[in-house]
Structure formats: structure tokens, C-alpha cells
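Fold and contact review
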There are 2 protein chains.
Amino acid sequence: MSVTAAQGFTAAGIAAGIKENGNPDLALVVNQGPRLAAAGVFTANRVKAAPVLWSQQVVKGGQISAVVLNSGGANACTGPEGFQDTHATAEKAAEVLGHSAGEIAIASTGLIGVRLPMDKLLPGIEKAAAGLSAHGGEKAAIAIKTTDTVHKTAVVQGDGWTVGGMAKGAGMLAPGLATMLVVLTTDADIDAAGLDSALRAATRTTFDRVDSDGCMSTNDTVLLLASGASGITPGQEAFAEAVREVCDDLARQLIGDAEGASKDIRIEVINAASEDDAVEVGRSIARNNLLKCALHGEDPNWGRVLSAIGTTSAAFDPDRLNVAINGVWVCRNGSVGDDRDLVDMRYREVRITADLAEGSETAVIWANDLTADYVHENSAYSS
Amino acid sequence: MSVTAAQGFTAAGIAAGIKENGNPDLALVVNQGPRLAAAGVFTANRVKAAPVLWSQQVVKGGQISAVVLNSGGANACTGPEGFQDTHATAEKAAEVLGHSAGEIAIASTGLIGVRLPMDKLLPGIEKAAAGLSAHGGEKAAIAIKTTDTVHKTAVVQGDGWTVGGMAKGAGMLAPGLATMLVVLTTDADIDAAGLDSALRAATRTTFDRVDSDGCMSTNDTVLLLASGASGITPGQEAFAEAVREVCDDLARQLIGDAEGASKDIRIEVINAASEDDAVEVGRSIARNNLLKCALHGEDPNWGRVLSAIGTTSAAFDPDRLNVAINGVWVCRNGSVGDDRDLVDMRYREVRITADLAEGSETAVIWANDLTADYVHENSAYSS
């Protein structure tokens, strides 16, 4: 499982003391080769954390030999000093591993606007390197948790090759790009261009369509590393599908563990004039606080779905909109439809179908409900 | 106070039985003339309630003789039958008052997707008409309340003329347009074009910049009626300023009484390249759920302000952004600024200043925090 499911990778997860509670907070993933190909996608937030700025440069070279990830601090909005901290982290890992710093990606997660404790992080890299193992994937996945209640890993087996990965993310979960830290690894023998193509296609319809709380992170990073250790070069289509499956699996795990959530909401927009319209409508529904409260209260309040659709620029006629909640068409032709009392809301998953009656395009957005627990968790996070 | 502060208006507020709890739910405002000039602005939501579609047509004629307002049901997403209900309401008021139905505006507020009980509403119009009084403004303001805890009225005195008004709105408070029901009256002798100009200018910087919960209503209506009863035609500038003051006063009252809120958040964006940039950034900050939770917890979490700014398309350099909370510049040049422990968060009003360091334009957006009370109130609203 995790980042060591594929051959040619070692990993470690340790407690470096970055988190005051002593929990694991530093992960190291190393590509043992023979290939060191890599691709990455990053947050679309224009306020980007220092490790994002650094790793974007690393990925441009198409090679990553190792990834250092820390929880306990985002190293975002920390100025030139924060960037120097990221640089020093890469230099330290390069020294310990005998690699080039320019091929070491860095990812950080935690509170924005606080410098990392470098006196703990740098010795932690030595400790992590000493613990590297071909079975270290689980420990690495545990070490990147913040408010995650469980660690998240996934794996898909190809024909003689494997794609595996780990993810963290529980709040500030929204789109634009992945809004989370994810490292995927494969032993397929694929070059950086093939990885980039597969990764962009996969994230576009998975992590990009997760919108738990509408808040886009400064630190989103999704990396895909290939070791080529299987010696097999699969067809691009089969490989891309495996990457998409791993991303989809991890994306669903993120929604299922979102801060304070009691419902996972699957919003499917159908019969849209374009895919962009479908995504815009899905996101608008996903971000409507009143609807998110209603679904928390197990109230199939389709009026709030319509009021959310009405704020978009998508093509639709208000008098032809149809909405189903958990399969019951509670709104037909923009007005009252089937009996809302028929909607069974007892389960964690809620399915909303919004029919725009304009075309044939579709998109699915995943969201969460809005709960008092979300408020409590996020009122007290940094204090 | 309220809609009867100006000469030439009568009003009433009664319990017609639309609300099951027996509270007042029907208001009537009548312009006694001699002038019947009027202007209106309406929700930008493309899913519009039947009374909005009706009143938009009425306002096009530039004359309104009376406004019928009901709480206890929004008459939105009710199909052709809902529009017929609005039409029948106007016809009934026309019959009782001896007016033309085409000059009677209708406004409704309450749950979306439910037909109004016309067997109660129509007799209620007769009852309200029988109770019309030049002192009825307060009762009218009380009858349009939904989850409002207090009724909202305001008045500004000109030189021999008056602008007064009433408002309701506590949830689904967002922009695009007013997101609330508001009736303003004046005895100034102004034609429909002058009213329209003053009203659009006023709402653009008051109701349009209230963003309590990011949710745009299907029923927003702001009407301005002139009786000309004072016989005075003030200068357009003085009149427009009086209208703006009344709108500003009512807008602040809406924020101060928003569902479940414990903080009123004044977000001032300064040194923007354009007013549009300032509004876009202000709204993005206003709608960031994580920030709204943090402010509820009295945590001056400026990192969440920066992450919200980063999602906009406004002109700015991340390394030149400055943010003050309650006057303390906790973020300077995109990084850690003054000591956050200096920020006093004990009071209901929280002031955020976001300095984009790009130009000289400014905008102020008002918002509320996100609380467990908001979640509770909106999880149980329709059930």
C-alpha cells in the first residue's frame, strides 16, 4: 500500500518534534530508480507557500529523487526567510541522501504564517533517512496527517506494474487544484511527459472536483514519481486510468474524513450545455452554506439547490430545472415535484442530481455538509 | 419611522394566518399621492420568485400605488400556479383599494418551493386595508419578519422632506442584489427616473455589499416610492445621499441581526487597482468559511485572509499584501507582521483591512462570522 507499494521506492515517517504533541510529523519518500521521472500539480491559489514555489521549480526539470513532507506547519506567508527554510531542507536531504538538492521536492502542511522549527526539522531528516524502508509507506502516510482522523493510502495493480499513493487533507479542501498533499509512486517505466499527461487528466476530474469547504489552500501539492523498477512501459491509456483510479480513491477518502463533516455529498450535474457549465453549477451547489446546513439536518431542501443554481452563468431555463435528492425528483420543471417525505436521508452519503435540461454534458463534485463540529474545530484551530 | 415617516403614505401589518404560529405575516403599504412614482431593484439570482417577476413588470411602468408583502412563504419555485397566486394577490388588493392591479407591487419571503395559502392571504388583504394608518409603519415592519429577531426601520430628514423605510432579512444574505425585502418611501416630489438613479447608486454600495452567508436569495426586492406630498423637489444629490443613508442604516441592521451571528465583520479593501478588484477581494474574504470560524473563535487568523485573497483575479503581489485586524497590522509584506496577541477581539464588530498595495481604490463589505448557532438554525428551518 501507500507510496512503497510500487517497486523502487523507500519511505519513512517519524516524529521530529515539529508538532508539540509529539505525533509523527516528518515523512521522506525516496525514488531508488533506475528512473527518476516525475510530474506535479500545485494549488491555483496565488498566495503560494514556500515549498510550493520550490517544488514547482524542481518539477520543471522532470526529475524528483526524493520528497520531504512535514506536517505541523505550512511554511506559507513566511517571506524570504520561509523560502530559505525550504531551501535548507532540500540541501539537508541532499547531503544525507547523496542526491542533488534540485531534485528534491518539499511539501509542508499546517498553520499558515508561522516559521518552521528548523532546529527540529533538519535533525529529523537524518532520523528519517536512517529509517527508510521498502515497507515504510504506511508510516509516511501517518506522518503527514494534520486534523485527519485516519491516514489515506491507495493502490492499483497494473499488468506487472503498480501505482500507489498517500494523501492528507481534512480542511481547506476545495478546488482550483488538489488542496491537499499527495504523493503517488509507480514502478512503471514512464517518462516525465507521460507522467504529467496522466496526472493532469486524473486530477482534473478527481481532486479538482472535491469541494469540502470552498477554501483553497496555499499548499496543495500532488506529485507522481516513477522509478521504472518494473521494467515495464504500459500503454498510456491503461497507465492514465490507473493513476485516475488511485486519485479518485484518495479523493473520496479525503471527503469521507473532512473536518466535522457528517455527510458526504455527491453532486451530479447532468444534461448541461458544456462540462464547464456542469462544474460551475456543481461547485455553486457544493458551496451553498444554507444547503450544507439543511443536508446536515437531513432536510431535502431543494429550494436551496435552485437558489444556488440561479447564481451561476450556466445555460438553463429556471422553468425546466429538475432536482433529485437520493433518487427522488423533489423538483420538476423548476417547481414542486415528488413528495419530499420520500427522501431517505439517514445515510452518510447524499446524492444530489441537478438536471439542467440543456445538453448532454455531466460533472460530479463531491462536498460535505456544514456542521457545528466544523465550526468548533475551525474556531479553535490556531488558538 | 419606517414607511410612514414620510407624508402621503399609510401602512398596516396584520396576522393573516399564513404563519402557523399566528405571528404577523402580511403588510400593506399604500401611496396616497399626489405622485405615485417608484423605482425598484431586484435579486440578480436567475431563479426568481413569482412576486419578483411580477414586481419587475410593475416597476417598468414607473408607478406603484401599493405594496403587498407577506412573510411565511417565498412563493419561489412554485411554477405557473405560483405566478397566478401573485397575480390574484395584486387583483385582490386592486379591488379592495380601488387601484389598478398593474400598479401594485408584491413581495414575499419565507420557505422556497411551497405554495402560499391563498385562502388566508386574500382575506388578509381586506383586513390589512381596513387597518391602514399614517402610523402603521412599525406594524408593517413587524409583519415582514421571518427569522429576524427585531424589525428594522430607518429615517432621514431632508429640508422639508423625508426618506424612511423598513427592511427584513436574516439569512440568505448575500449580494448580487439586495437579498432582502426593503420598502423605502419619500414625500419628496421626484419622478421615477430620479428615484431609480438614487436607488441604484445607494444599493450598489450598501445592500450589494452585505454578504452575511454568501447565499443569494430568489426574492430580493428593494422598492422606493415617492408620494410628492411634501411639495418639495430636493436637489438630486441631497436626495440620493438621504436614500443612501437610509439604505446604509438598514443594511447595517441586517448584518447586526443575521442568523446565528456573533460578530459583524467590516472588511475594508484599500489601495486596490480598481473598485471591482476591491469588491472581489472583499467578497472572497467575506465568504471564507475557515476565516469566519476563526473570527467566531476570536482568533485573528490572518493566514486565512491571505488564502482568500489568493483565490481572486485582482491585481496584487503576494509579497506586498498587508492585513490589519482591529487596527493591528498582523501581516506585512505577505508575511508575519505585528504581534497577533495585540489584537483585541472581544467586541461584536471586527474590522479587517486588506491593503493590496496596487492603486487607490477602496470598497467595504460587511459580513458575519460562522457559528454553531447558524448551523443549528439552518439545519432545522424547514423541518
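About the cut-offs
- Residues numbered from 1 in each chain as written.
- Chains lettered and ligands numbered in written order.
- Predicted model: local features only at pLDDT ≥ 70, side-chain atom pairs only at ≥ 80, totals over all residues.
- Heavy atoms only, no water.
- UniProt positions renumbered as here; feature names shortened; annotations may be inferred.
- Pairing = 2+ DSSP bridges.
- Helix = DSSP H or I, 4+ residues; strand = E, 2+ residues; numbered from the N terminus.
- Axes fitted to C-alpha atoms, helices over the stretch in contact; angles between N-to-C directions.
- Contact = heavy atoms within 4.5 Å.
- Core = buried A, V, L, I, M, F, W, Y, C linked by side-chain atoms within 4.5 Å.
- Buried < 20%, exposed > 50% of the residue type's maximum accessible area, 1.4 Å probe, protein only.
- Polar contact = N/O pair within 3.5 Å; in protein donor to acceptor, adjacent residues only side chain to side chain.
- Least-squares fit on C-alpha atoms with pLDDT ≥ 70 in both.
- Right-handed = clockwise from strand over helix to strand, strands pointing away.
- Domains from an automatic or database assignment.
- Buried area = accessible area lost by both parts, 1.4 Å probe.
- Salt bridge = Lys/Arg side-chain N within 4 Å of Asp/Glu carboxyl O.
- Nonpolar A, V, L, I, M, F, W, Y, C, P; charged D, E, K, R; others polar.
- Parallel < 35°, antiparallel > 145°, perpendicular 65-115°, else oblique.
- Left-handed = near helix turned anticlockwise from the far one by under 90°.

Per an unreviewed UniProt entry, the recorded name for chain A is Arginine biosynthesis bifunctional protein ArgJ, and the organism is Streptomyces nondiastaticus. Of the comments in the UniProt record for chain A, the one headed Subunit (unreviewed entry) reads "Heterotetramer of two alpha and two beta chains." Reading the Subcellular location (unreviewed entry) entry of the UniProt record for chain A gives the comment "Cytoplasm".

1. A word on the sheet that holds strand 5 (residues 104-108) of chain A
Residue and element names in this part refer to chain A. Taken together, 4 strands build an open sheet; the order of strands is 1-2-4-5 and the sheet is mixed. The sheet terminates laterally at strand 1 (9-14) and strand 5, the two strands that pair on one side only. Geometrically, the sheet is characterised by an average inter-axis angle of 10° between neighbouring strands, direction not taken into account. Bridging between strand 2 (residues 26-31) and strand 4 (residues 66-70) involves 5 bridges; their strand directions are antiparallel. Of the residues in strand 4, the one forming a bridge with Leu26 is Asn70. In the packing of helix 2 (residues 79-97) onto the sheet, the strands contacted are strand 2, strand 4 and strand 5, and the crossing angle to strand 5 comes to about 130°.

2. Points about the nonpolar core
Within the largest apolar cluster, 87 residues are counted, with the highest numbers of intra-cluster contacts made by Leu69(A), Ile285(B) and Ile352(B). Setting aside anything within four residues of it in sequence, one finds Leu69(A) in contact with Asp25(A), Leu26(A), Ala27(A), Val29(A), Ala107(A), Ile144(A), Met166(A), Leu181(A) and Val183(A). Of all hydrophobic cores here, the second largest spans 86 residues; its members include Ile14(B), Ala38(B), Ile64(B) and Val183(B).

3. Topic: the pairing of strand 10 (residues 264-272) of chain A
Residue and element names in this part refer to chain A. Of the strand pairs in this sheet, strand 10 and strand 14 (residues 349-355) are connected by 7 bridges, and their pairing is parallel. Looking at strand 14, one finds that Arg266 is bridged to Arg351. Bridge analysis of strand 10 against strand 15 (residues 361-368) gives 7 bridges, and the strand direction is antiparallel. If you follow Val269 over to strand 15, its bridge partner there is Ala363.

4. Concerning the side chain of Ser230(A)
Residue and element names in this part refer to chain A. By the secondary structure assignment, Ser230 is in the loop between strand 9 (221-226) and helix 6 (236-256). Ser230 sits in the buried class, given a relative accessible area of 17%. Within the local environment of Ser230, its side chain forms a polar contact with the backbone oxygen of Asp187, the two atoms lying 2.7 Å apart. Once residues within four sequence positions are removed from consideration, Ser230 is found in contact with Gln7, Gly160, Trp161, Asp187, Ala188 and Asp189.

5. Notes on the relation of the copies chain A and chain B
Between chain A and chain B, the superposition needs a rotation of 180° and an axial shift of 0.0 Å, giving an RMSD of 0.0 Å. The operation mapping one copy onto its partner corresponds to a two-fold rotation axis. Relative to the rotation axis, the C-alpha of Ala372(A) is the closest in chain A, positioned 2.2 Å from it. Both copies share a contact surface, since 100% of the interface residues of chain A are interface residues in chain B too.

6. What to know about the pairing of strand 4 of chain A
All names here are of chain A. Within strand 4, 5 of the 5 residues are buried, leaving the element largely enclosed by the surrounding structure. Looking at chain direction, strand 4 and strand 5 are connected through 5 bridges and run parallel. When the sheet's bridge partners are listed, Val68 is paired in strand 5 with Ile106. Once the chain exits strand 4 it traverses helix 2 before rejoining the sheet at strand 5, and the crossover so formed is right-handed.

7. Overview of the sheet that holds strand 2 (residues 26-31) of chain B
All names here are of chain B. Strand order across the open sheet formed by 4 strands is 1-2-4-5, with mixed pairing between neighbours. Edge positions in the sheet fall to strand 1 (9-14) and strand 5 (104-108), since each of these pairs with one other strand and no more. Averaged over all adjacent pairs, the angle separating strand axes in this sheet is 10°, with direction ignored. Here helix 2 (residues 79-97) sits on the sheet and contacts strand 2, strand 4 (66-70) and strand 5; the angle it forms with strand 5, its principal contact strand, is near 130°.

8. Let's talk about the UniProt feature "binding site: substrate" (unreviewed entry) in chain A
Residue and element names in this part refer to chain A. Mapped onto the present numbering, the UniProt feature "binding site: substrate" (unreviewed entry) falls at Thr146, Lys168, Thr179, Glu259, Asn378 and Ser383. By the secondary structure assignment, Thr146 is in the loop between helix 4 (137-143) and strand 6 (152-157). Discounting chain neighbours no more than four positions away, the residues touching Thr146 are Ser71, Thr109, Gly110 and Lys168.

9. Description of the domain arrangement of chain A
All names here are of chain A. Domain annotation for chain A reports domain 1 (2-256) and domain 2 (264-379). Each of domain 1 and domain 2 was reduced to a C-alpha centroid, and the two centroids are 33 Å apart. Buried surface at the junction of domain 1 and domain 2, both sides included, amounts to about 1300 Å², of which 38% is carbon and sulfur. There are 3 salt bridges connecting domain 1 and domain 2. In this structure, Arg252 and Glu349 form a salt bridge, with 3.5 Å as the shortest nitrogen-oxygen distance. Where domain 1 touches domain 2, the interface holds 1 residue pair in polar contact (both at pLDDT 80 or more). The biggest single contributor to the side of domain 1 that touches domain 2 is helix 6, with 3 residues. Tallied by class, residues from the side of domain 1 that touches domain 2 come to 4 nonpolar, 5 polar and 6 charged.

10. Description of the pattern of salt bridges
Residues and elements named next belong to chain A. Applying the stated criterion to the full structure yields 30 salt bridges over all chains. With a shortest N-O distance of 3.2 Å, Arg266 and Glu268 are connected by a salt bridge. Within the structure, one salt-bridge network assembled from shared partners comprises Arg252, Asp264, Arg348 and Glu349.

11. Some words on the packing of helix 5 (residues 192-205) of chain B against helix 6 (residues 236-256) of chain B
All names here are of chain B. Viewed as axis vectors pointing N to C, helix 5 and helix 6 meet at an angle of 40°, and their least axial separation amounts to 8 Å. The angle between helix 5 and helix 6 places the two elements in the oblique class. For the element pair helix 5 and helix 6, the recorded crossing hand is right-handed. Only Gln236, Phe239, Ala240, Val243, Arg244 and Cys247 of helix 6 make contact with helix 5, whose side of the interface consists of Gly194, Leu195, Ser197, Ala198, Leu199, Ala202 and Thr205. Tallied by class, the residues present in the contact of helix 5 with helix 6 amount to 8 nonpolar, 4 polar and 1 charged.

12. Description of the interface of chain A and chain B
Across the boundary between the two partners, chain A contributes 53 residues, which contact 53 residues of chain B. Contact between chain A and chain B buries roughly 4000 Å² in total, counting both sides, with carbon and sulfur atoms accounting for 59%. At the junction of chain A and chain B, the tally comes to 0 salt bridges. Here chain A and chain B share 5 residue pairs in polar contact (both at pLDDT 80 or more) between them. Ranked by residues supplied to the side of chain A that touches chain B, first place goes to helix 10 (residues 372-379) of chain A with 6 residues. The residue makeup of the side of chain A that touches chain B, split by class, is 23 nonpolar, 24 polar and 6 charged.

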